[in-house]
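Secondary and tertiary structure notes
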Amino acid sequence: MTSPVLDVRRLSVSYQTGRGTLRALRNVNMTVQPGRIVGIVGESGCGKSTLISTIIRLLAPNARIDGGSIEFMGRDLLSLESEAMRALRGDGISMVFQDPMTSLNPVMTIGRQMTDIQHRDNRSRADKLARAARLLERVGIADPAEQLKRYPHHLSGGMRQRVAIAMALMTEPALLIADEPTTALDATLEVQIIHRLRQLQQDFGCAVLFISHHLGVIAELCDEVVVMYAGEVVETGSTREVFLAPRHPYTRKLLECDPGRIEESTRHLPVIAGKLPDLVDLPKGCVFRSRCDESIDICARKPPELEGDDHCAACHVVGQ
Ligand SMILES: Nc1ncnc2c1ncn2[C@@H]1O[C@H](COP(=O)(O)OP(=O)(O)OP(=O)(O)O)[C@@H](O)[C@H]1O
Ligand SMILES: [Mg+2]
């Protein structure tokens, strides 16, 4: 077994709010092996962004890590000094956000930004520009030499996101984290970018952690899936197994409510009857119980653990 690029163990994170402590993540386990694409899926508010922000340590000021560990290439991220963490965000781990302007500077040309990011390289400026142009070409941008002279606001949303992806790959990271990178784009562009991302991942060989509430995109892109519900991981496994033979009742409902595969993406969140539990006042037992049609006595008393070898589910009923 190779050692994982990213290993998250029993991670718990909460936010201090006016109503009390909101327990956004509870005992989250998740692993990304080298060269794999892992998708995190789940309804709005299930903790996807909190998980990512904890990994890259860009948490809101009212957040607190209550326990657990995060290892990146064998290094304990939670104990790294801020300086070391910043350096790691620069080259070991790259991010692509939903809004590409998060990572692009509006007052600098694309060329300037793409050469600045290579500051650790001793190459000449011309070489760096040539490298930037090659990367733009690989993310599917026509006439890259010309685009390098332009500012972000000259580009369309889809092009900006391609530039953001090119920037993220520039440092050849071991892990690329993308939080809903295609959610703001129209369906056709989304498909194009997803295909391109898959190709790039194969070429670069980096591991990818891909967040989306869009099942079609996850199915298209990812090798493995992590299904989250209300701050917990409820199912993990290969994309194939989770999609073809979902084990957790929540995953099954999520798939039933899927508005369609990638060809007819609608961007509406899946609608499952009932509401997410209040994360400030959590129910006893299983968090999904109030929306589950299959619950049994024990579900009201004891929270289920994630169990299984390759395909895992946190469910008392499945475990029987
Ligand atoms: N700074 C904050 N203070 C208080 N609560 C927060 C804060 N940030 C997030 N939350 C809460 O934590 C929970 C998880 O939010 P998070 O943004 O991680 O979910 P998400 O899965 O990324 O959702 P989405 O699909 O809408 O992006 C939600 O209940 C959210 O309201
Ligand atoms: Mg989010």
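Please read these numbers as outputs of a predicted model, since none were measured by experiment.

Spatially, the seven strands line up as an open sheet ordered S6-S7-S8-S3-S9-S10-S11, and their pairing is mixed. Bordering the open sheet on either side are strand S6 (93–96) and strand S11 (312–313), each of which pairs with just one other strand. One ladder, built from four bridges, connects strand S3 (residues 37–41) with strand S8 (residues 207–211); its direction is parallel. Looking at S8, one finds that Val38 is bridged to Leu209. The sheet strands contacting helix H1 (residues 48–55) are S3, S6, strand S7 (175–179), S8 and strand S9 (224–229), and the helix crosses S8 at an angle near 145°.

Turning to the domain arrangement of the chain, a few remarks are in order. For the chain, the assigned domains are domain 1 (6–92 + 178–187 + 207–282) and domain 2 (96–170). Here domain 1 and domain 2 have C-alpha centroids that lie 27 Å from each other. Between domain 1 and domain 2, the residue contacts involve nine residues of the former and seven residues of the latter. Counting the surface lost from both domain 1 and domain 2, the interface buries some 660 Å², and carbon and sulfur atoms represent 57% of this. The interface formed by domain 1 and domain 2 holds one salt bridge in total. The salt bridge involving Asp91 is made with Arg120; its shortest N-O contact spans 2.5 Å. Applying the counting rule to domain 1 against domain 2 returns four residue pairs in polar contact (both at pLDDT 80 or more). Among the secondary structure elements, those contributing two or more residues to the side of domain 1 that touches domain 2 are helix H2 (82–91) and S7. A class-by-class count of the residues in the side of domain 1 that touches domain 2 yields five nonpolar, one polar and three charged.

With that settled, consider the site of ligand 1. In the vicinity of ligand 1 lie 16 residues, with Ser44, Gly45, Lys48, Thr50 and Asn62 positioned nearest. In this structure, Lys48 approaches ligand 1 through a side-chain N or O atom, which is 2.8 Å from an oxygen atom. One of the side-chain N or O atoms of Ser49 is found 2.9 Å from an oxygen atom in ligand 1. For ligand 1, whose free accessible area comes to 650 Å², the fraction covered by protein is 67%. The element contributing the most residues to the shell around ligand 1 is H1, with three residues. Of the residues in the shell around ligand 1, the class split is six nonpolar, seven polar and three charged.

Cut-offs and rules
Residues numbered from 1 in each chain as written. Chains lettered and ligands numbered in written order. Predicted model: local features only at pLDDT ≥ 70, side-chain atom pairs only at ≥ 80, totals over all residues. Heavy atoms only, no water. Pairing = 2+ DSSP bridges. Helix = DSSP H or I, 4+ residues; strand = E, 2+ residues; numbered from the N terminus. Contact = heavy atoms within 4.5 Å. Axes fitted to C-alpha atoms, helices over the stretch in contact; angles between N-to-C directions. Domains from an automatic or database assignment. Buried area = accessible area lost by both parts, 1.4 Å probe. Salt bridge = Lys/Arg side-chain N within 4 Å of Asp/Glu carboxyl O. Polar contact = N/O pair within 3.5 Å; in protein donor to acceptor, adjacent residues only side chain to side chain. Nonpolar A, V, L, I, M, F, W, Y, C, P; charged D, E, K, R; others polar. Near = heavy atom within 4 Å. Areas by Shrake-Rupley, 256 points an atom, 1.4 Å probe, with all protein chains shown as cover.

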